[in-house]
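As a plain string of letters, each chain reads:
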Amino acid sequence: MTHRIQPAGRRWARLVTRLAVVLLLATGGLVTNLASPAQPAYAHASLVETSPVDGEVLASPPAEVRLRFNEAVSFNERSIQLLDTNAEKLAIGTPGHVDGKGNTAQVSLPTDLAEGTYVLAWRVTSADSHVVSGALTFSIGHPSATAAAVEQDVDRTVVVVDAVGRALAFLGMALALGGALFVAVLWPAGRTDRRGRRIVWSGFAVLAAGTVVVLLVQGPYAAGTSLAGVFDPDLLGATLSTRLGHALLARLMIVLALGVAFGLAVRHRSRSATTATATTGTAAATLTATTATATTATATTATATTATATTATVTIATATTEKAAIGTAATTGTATTATATAEKAATGTTATGTTATGTTATGTAGAAGATRRIVLPVVATVGAVALPLTWTLTDHAQTGVQTWLAVPATSLHLLAMSLWLGGLITLAACVLIPAGRRETSQAITLAPALPRFSGLAQVCFAVIAVTGVYLSWRQVGSWAALGATDFGRLLLGKLAVVLAVVALAAGARRFVRRRGREPFGLDAAPAAAVRRLRRSVVGEILLGVAVVSITAVLVNTVPARTSYAPPVHATVPVPAAAAESAAGLRDASVEVNIEPARSGNNVADIYLTGPDGSLVAVPEISGRLESPDRDVPALPVTVTAAEPGHYVANSMSIPFPGEWVLRLDIRVSDFDETPVRVQFTAR
C-alpha cells in the first residue's frame, strides 16, 4: 500500500486555516457568552434589599434570609455564613437564587435558633468579576448585649498576587501585540532579528503566566481564604464556571493561536532567507561549472588543430591504407553520432522531468504563500481585537452606563496602550540600544523603524486620550469624586504619569522630525543626540510600566461613580408647636449632616441652632430610620449629646441604598415632644 505524501505547502495551508477556525470559534464563543448579561450591571454589586432588614428584631426565628443586589451575582456554598453571639458558625442550608433570579441570594436557617442577636455574613462575586462582601444583624426576641464581629478583609497576600498577575497579563499583551507589529511591519530588519523575536515570545509567555495566576488566585479571592486555596480543586472548579473563568480560558486559547501564527510567520521568513541564500550559492556554482566547461572545450579545440597540422606533414603511405583508414573512421563516427544522439535524448528526458517537478513545487509553494499572506494577517487582526475583549467583557467596561460604547472604547484603549508600549520596548532593545554581539564601531540604523514607530505612537496617544477622557467621566461621574475616592486618586496618579510620558514622547517626536529633514537623515545625528533619545525612550518605558501597574490596581478598585456618595447636608425648621413650648426654639432650625450617606454604618451630626446661629440645648433627641417606599419596619437610631445643642448618631446603620427619612423626636420639656423629618438619599 502506498501513502500519498502531501506537499509541505499544503500542510502549512491547512494548519493556518485550522488555526484561524480555532481563533474565530474562541472569539465568537467569548462574545456570545460574555456580551449578553441577563440584566443590567452597575460596576460592583451593592445590596439593595434584605429580609429580614439589618437590625430588625423578630418575634420568632425566620425560615430564611433573602438578599437582593442591583446586578447579577455568583456565589458558592461558603459564600453565606451565620454567626451567633459567640461568633460560632451555625449550620445553614445551601445558598441559592430566589426563583432563579441572578441578582438574588437566599439561604434557609435553622428553626431552633435561640433568642439573641445573629450576624449573617455574605461574600459574592459581582458581574464585573470583583468580590463584594457585607453583613447584616437581626435579633430574635430581644437584642443581645454584643454581636459577633465579622472580619470581611481578604488575605493581603492574595490581593497582591492577584494584582501582580493582572499586571503581568497587561505587560505580556503589550510585548506580544506591540512587539509583533514592530518586528513584522515597522522594522524591516526585524524579520530576521533574533532579539525582536525573543521579545515577542517573552510577551506571549508573560501573558499566559499572568492569566494562569489570575485564574488560580480568583478562587481564594472570591472565597476569602488564604493563598493556599489555589490548590483547592473545588475553588478552581467554581472559578472555571464563572464568566471570568470563561474569559481567562478564551484568553489562553487566543494566546495560543496568536503564538502559532507568529511562529509560522517567523519560520516562513527564515526559510525564505535560507532559500534565497541557497539559490545564490547554486547560481554561483553553475556559473563556475559553465566557465570551466568552456575553457576545456577551447583547450581541446586547440589540441585538435595542432594534431591536424602535424598530420598534414606526414606522408600518406598507400591509397589502400587511406581507404581503410577512412572506412574505419566513418564507422567510428557513426557510432559516436549514435551515442551522442542517445545521450542527448536521455539528457532531454531528464531535463523535462525535472522541469515538470519544479513547476509543480513552484505552484504548491505559491498557493501556500498566498494562503499565508491572506490567512495569517486575518488571524493576527482577529486575535489582536479579541484579546482585549477578555478584559473588557468581564470588567468595569461591561457594567454601569453605556456598556455598548464602554466595551469598544476600553478595548481600543487597551489595544492602543499595548501597541505603543510593546513597540517602544522593542524599539529600545533592538534599534536604539546596540546589541551585545554588534561591533561597537557599527552605526545604529534608525531609519525607517524610528519614523514609522513615531507615527504609530502619535495615533496611539490620540486614541488613548480620547477613550481615556470618556472612560474617566464614565467611571468617576463628578469632580468631587476624584479626590474623595480611592479610584479617583489612583486615576489622578495615572493621569500625572501619562502626562509625563506625553512630554517625553513629544521630545522624541521633535528629534525625528528635525533630523528627518536633514540631508543625511537620522543616521547622521550626533552621538550625544542619540544618547539623549535613548534616555528619553527608557524613561518612557519606565513610566509606561508604572501606568500598567496603576491600571492593574484600578481594575480591582470600586469605580468612583459607585463608591462616592456626597455627604448629606439638610436644614429643616423647627415646628411652630415646639417653639411655643420652648422659647429658645422660636425661629430655630435643625441642621443634619450624614456621612458617607451610603448603605452601611454612617455618622449623623445634628445641630439645633437659634435664629442668631447659636446652639440651643434640649433635654433629649431620639431617632428612627424609615423607608417611605418599602414595607420595612422603622429602625431605631441611637442619638447622644456631644455638647449642648450638638447631638451625634455614631452608628446609624442604613440597610440598603435608596430614599430614607431620618425622624428625630425632639423632647423640648418633660411632657412635650415634637417630630422633625429629614429626607435623604443613600447610595
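Everything below is about the structure printed above this text.
These numbers were taken from a predicted model, which means no experiment stands behind them.

A. Highlighting the overall build of the protein. Each helix and strand in the protein was counted, giving 13 helices and 18 strands. In the protein, the proportion of contacts linking residues at least 24 apart, taken out of those at least 6 apart, comes to 72%. Carbon and sulfur atoms form 62% of the exposed surface of the protein, whose accessible area is close to 34,600 Å².

B. Geometry of the sheet that holds strand β13 (residues 620–626). The four strands lie next to each other as β14-β13-β17-β18, forming an open sheet whose pairing is antiparallel. Sheet topology places β14 (635–637) and β18 (673–682) at the edges, where each strand pairs with a single neighbour. Here the average twist between neighbouring strands, direction ignored, is 25°.

C. Region of the structure containing a positive patch on the surface. On the surface, a cluster of positive charge is made up of Arg510, Arg513, Arg514, Arg517, Arg531, Arg532 and Arg535. Looking at the positive patch, the elements with two or more residues in it are α10 (486–516) and α11 (527–554). Within the secondary structure, Arg510 sits in helix α10.

D. Focus on the nonpolar core. Judged by nonpolar contacts, the single largest core of 64 residues is most densely connected at Leu387, Trp420, Phe453 and Phe511. Elements with a minimum of two residues in this core: α2 (156–186), α3 (194–223), α5 (243–312), α6 (319–392), α7 (403–432), α8 (449–476), α10 and α11. It is α7 that provides the largest number of residues to this core, a total of 14 residues. The contact partners of Phe511, leaving out residues within four places of it in the chain, are Leu446, Leu450, Gly516, Leu522, Ala525, Ala529 and Leu533. Val53, Ala649, Leu662 and Phe680 belong to the second-largest nonpolar core, a separate cluster that totals 36 residues.

E. Region of the structure containing unusual backbone geometry. A cis amide bond links Ser51 to the next residue, Pro52, at an omega of 5°. With respect to the helices and strands, Pro52 occurs in the loop between β1 (47–51) and β2 (56–58). Note that the residue after Glu595, namely Pro596, is joined by a cis bond; omega there is 0°. Topologically, Pro596 is positioned in the loop between β11 (589–595) and β12 (600–609). Phi is positive for Gln402, close to 55°, though the residue is something other than glycine. Looking at the element boundaries, Gln402 is found in the loop between α6 and α7.

About the criteria used
- Residues numbered from 1 in each chain as written.
- Predicted model: local features only at pLDDT ≥ 70, side-chain atom pairs only at ≥ 80, totals over all residues.
- Heavy atoms only, no water.
- Helix = DSSP H or I, 4+ residues; strand = E, 2+ residues; numbered from the N terminus.
- Contact = heavy atoms within 4.5 Å.
- Areas by Shrake-Rupley, 256 points an atom, 1.4 Å probe, with all protein chains shown as cover.
- Pairing = 2+ DSSP bridges.
- Axes fitted to C-alpha atoms, helices over the stretch in contact; angles between N-to-C directions.
- Patch = residues over 30% accessible without salt bridge, like charges linked within 9 Å, V, L, I, M, F, W, Y side chains within 5 Å.
- Salt bridge = Lys/Arg side-chain N within 4 Å of Asp/Glu carboxyl O.
- Lys, Arg positive; Asp, Glu negative; His and termini not counted.
- Charge placed at Lys NZ, Arg CZ, Asp CG, Glu CD.
- Core = buried A, V, L, I, M, F, W, Y, C linked by side-chain atoms within 4.5 Å.
- Buried < 20%, exposed > 50% of the residue type's maximum accessible area, 1.4 Å probe, protein only.

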